[in-house]
Amino acid sequence: MKKKYIFLLLLIAFIFRIGVMLWSFNFRENTDILRYRDWAQIAHVYNLEDTYKKEHLSFGTLPNNHPPGSLYIIQGAYETQIQIAKIYYKITHQTPENSQWINGPLINASLRLPSIIADLIIAGLIYLVVKSKSSEKRGIIASSIFIFNPVIIYNSSFLGQMDALNNLFFYISLYFLISGKFLKSLLSFFLSLYIKLSLLYLLPFILLILWLSIRQKIKLLIYGIMSVAAILILTLPISPTPHIWLMD
């Protein structure tokens, strides 16, 4: 019976975040969102690798300085809003020049939504972990403390920062670690770094825990090689020599 409370909690948190996001449009847009728009447009018109160059910048002089994982998410959000805009134009018979909502708020909203959704998934993971170790009631409380934290809401919904996305893969890594699924745990942590490097300082601790948890130490080396290989494969759309490109 209590399971419905977590879904209600997440629904309220989502609606509240949408309200905060819409409210943020009354202010000058965060410069990072403008840069995300710039990188997404370059990826759409030219290619992914060009986002890391200065040639096609429209806003400021800062090319892409995030790992490719962030770029894939930004591009995916941008391409999604393009398809939504096409449907809107087809239904309303309007043109892009006459629709300020499509040209402004829709793009900015699409670039915030991945972080908002990531917040909700993290809250769900917190609920599952605490519930498994304690009780459903404490799981809901723990999830509430996170999901209604003003800093979390401000960062994802108002500013539109990407931290929720790499944090999500970090929490997934912890969830797999607790479950004893060590390959998935290490791979998830690498994916977190592939989106943003802010949690790089935790890598030695993750490796130490894995070293102490895995009986056959050779497996840790194999898991590391597989995780690095996955990152290289994911980078192929940007460069046919991903190991050189990532180092550069």
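The structure we're discussing is the one just above.
Let us look at the structure shown here.

A few words now on the overall build of the protein. Within the protein, the regular secondary structure consists of twelve helices and zero strands. Along the protein, helices (α) and strands (β) appear in the sequence α-α-α-α-α-α-α-α-α-α-α-α when read from the amino end. Its C-alpha atoms give the protein principal-axis dimensions of about 65 × 50 × 30 Å. Taken over 248 residues, the protein has a buried fraction of 45%. Taking the contacts inside the protein whose residues are at least 6 apart along the sequence as the reference set, 67% of them involve residues at least 24 apart. Approximately 13800 Å² of the protein is accessible, and the part contributed by carbon and sulfur atoms is 68%. Side-chain charges of the protein comprise 22 positive and 12 negative groups, with the mean position of each set lying 18 Å from the other.

A separate point is the nonpolar core. In this structure, Tyr36, Ile74, Leu111, Phe146, Ile147 and Leu168 are the most contacted members of the largest nonpolar core, which totals 33 residues. Those elements that provide at least two residues to this core are helix 1 (3–24), helix 2 (31–45), helix 3 (68–92), helix 5 (105–133), helix 6 (136–147) and helix 8 (163–179). Sorting elements by how many residues they give to this core places helix 5 first, with nine residues. Residues contacting Leu168, with those up to four places away along its chain left out, are Ala118, Ile121, Ile122 and Leu125. Counting residues in each nonpolar core, the second largest holds 17 residues, with Phe182, Phe190, Leu202 and Leu220 among its members.

Time to look at the pattern of salt bridges. Applying the stated rule across the entire model yields five salt bridges. Across the pair Asp119 and Arg17 runs a salt bridge, and its minimum N-O distance is 3.2 Å. Linking Asp119 in helix 5 with Arg17 in helix 1, this pair joins segments that are 102 residues apart in sequence. There is no split in this pair, since Asp119 and Arg17 are both buried.

The contact between helix 9 (residues 182–195) and helix 10 (residues 203–213) brings their axes to 11 Å, and the two run at 175°. Our classification of the angle between helix 9 and helix 10 gives roughly antiparallel. The residues of helix 10 that touch helix 9, namely those facing Phe182, Leu186, Phe189 and Phe190, are Leu203, Ile206, Leu207, Leu210 and Ser213. By residue class, the composition of the contact of helix 9 with helix 10 is eight nonpolar, one polar and no charged.

A word on the side chain of Asp163. Mapped onto the secondary structure, Asp163 falls in helix 8. A distance of 3.1 Å separates the side chain of Asp163 from the side chain of Asn155, its partner in a polar contact. If sequence neighbours within four positions are ignored, Asp163 has contacts with Asn155 and Lys196.

Before going further, it helps to examine the packing of aromatic side chains. Counted by the stated rule, this structure contains twelve aromatic pairs. On the basis of an interplanar angle of 55° and a centroid distance of 5.7 Å, the ring pair of Tyr36 and Trp39 is categorised as tilted. In this pair, Tyr36 and Trp39 both sit in helix 2, three residues apart, roughly one turn of the helix. Considered together, Tyr36 and Trp39 belong to a single accessibility category, that of buried residues. With a centroid separation of 6.4 Å and 50° between ring planes, the pair formed by Tyr72 and Tyr194 is classed as tilted.

Basis of the calculations
- All residue numbers here refer to positions counted from 1 along the written sequence of the relevant chain.
- Per-residue local features are limited, in this predicted model, to residues with pLDDT of at least 70; the limit for side-chain atom pairs, both in listing and counting, is 80 or more; totals at the level of whole chains, interfaces and linings are taken over all residues.
- By convention in this description, side-chain values take in all heavy atoms of the structure and omit both hydrogens and water.
- Only DSSP runs of H or I covering at least 4 residues are called helices, and only runs of E covering at least 2 are called strands; the numbering of each starts at the N terminus.
- Only protein chains enter the accessibility calculation, which uses a 1.4 Å probe; a residue whose area is less than 20% of its type maximum is buried, one above 50% is exposed, and one in between is partly exposed.
- For this analysis, residues touch if any pair of their heavy atoms sits within 4.5 Å.
- Here, Shrake-Rupley sampling with a 1.4 Å probe gives the accessible areas, and only protein chains in the shown set may cover a residue.
- Positive charges are assigned to Lys and Arg, negative charges to Asp and Glu, while His and the chain termini are left out of the count.
- Where a charge sits is defined by one atom per residue type, namely NZ (Lys), CZ (Arg), CG (Asp) or CD (Glu).
- Among buried residues, the Ala, Val, Leu, Ile, Met, Phe, Trp, Tyr and Cys ones that are joined through side-chain atoms within 4.5 Å form a nonpolar core.
- The salt bridge criterion pairs a side-chain nitrogen of Lys or Arg with a carboxyl oxygen of Asp or Glu, the two atoms within 4 Å.
- To get an axis, a line is fitted to the C-alpha atoms, and for a helix only the part in contact is used. The angle between two axes follows their N-to-C directions and goes from 0 to 180 degrees.
- In what follows, roughly perpendicular refers to angles from 65 to 115 degrees, roughly parallel to angles under 35, roughly antiparallel to angles over 145, and oblique to any angle outside these ranges.
- Each residue gets one of three labels, nonpolar for Ala, Val, Leu, Ile, Met, Phe, Trp, Tyr, Cys and Pro, charged for Asp, Glu, Lys and Arg, and polar for the others, Gly among them.
- Contacts described as polar in this section are N or O atom pairs within 3.5 Å, which, within protein, must combine one atom able to donate a hydrogen with one able to accept it, while residues neighboring in sequence count only if both atoms come from side chains.
- The aromatic pairing rule takes the rings of Phe, Tyr and Trp, using the six-membered ring of Trp, and pairs them if the centres are within 6.5 Å, calling planes under 30 degrees apart stacked, those over 60 edge-to-face and the rest tilted.

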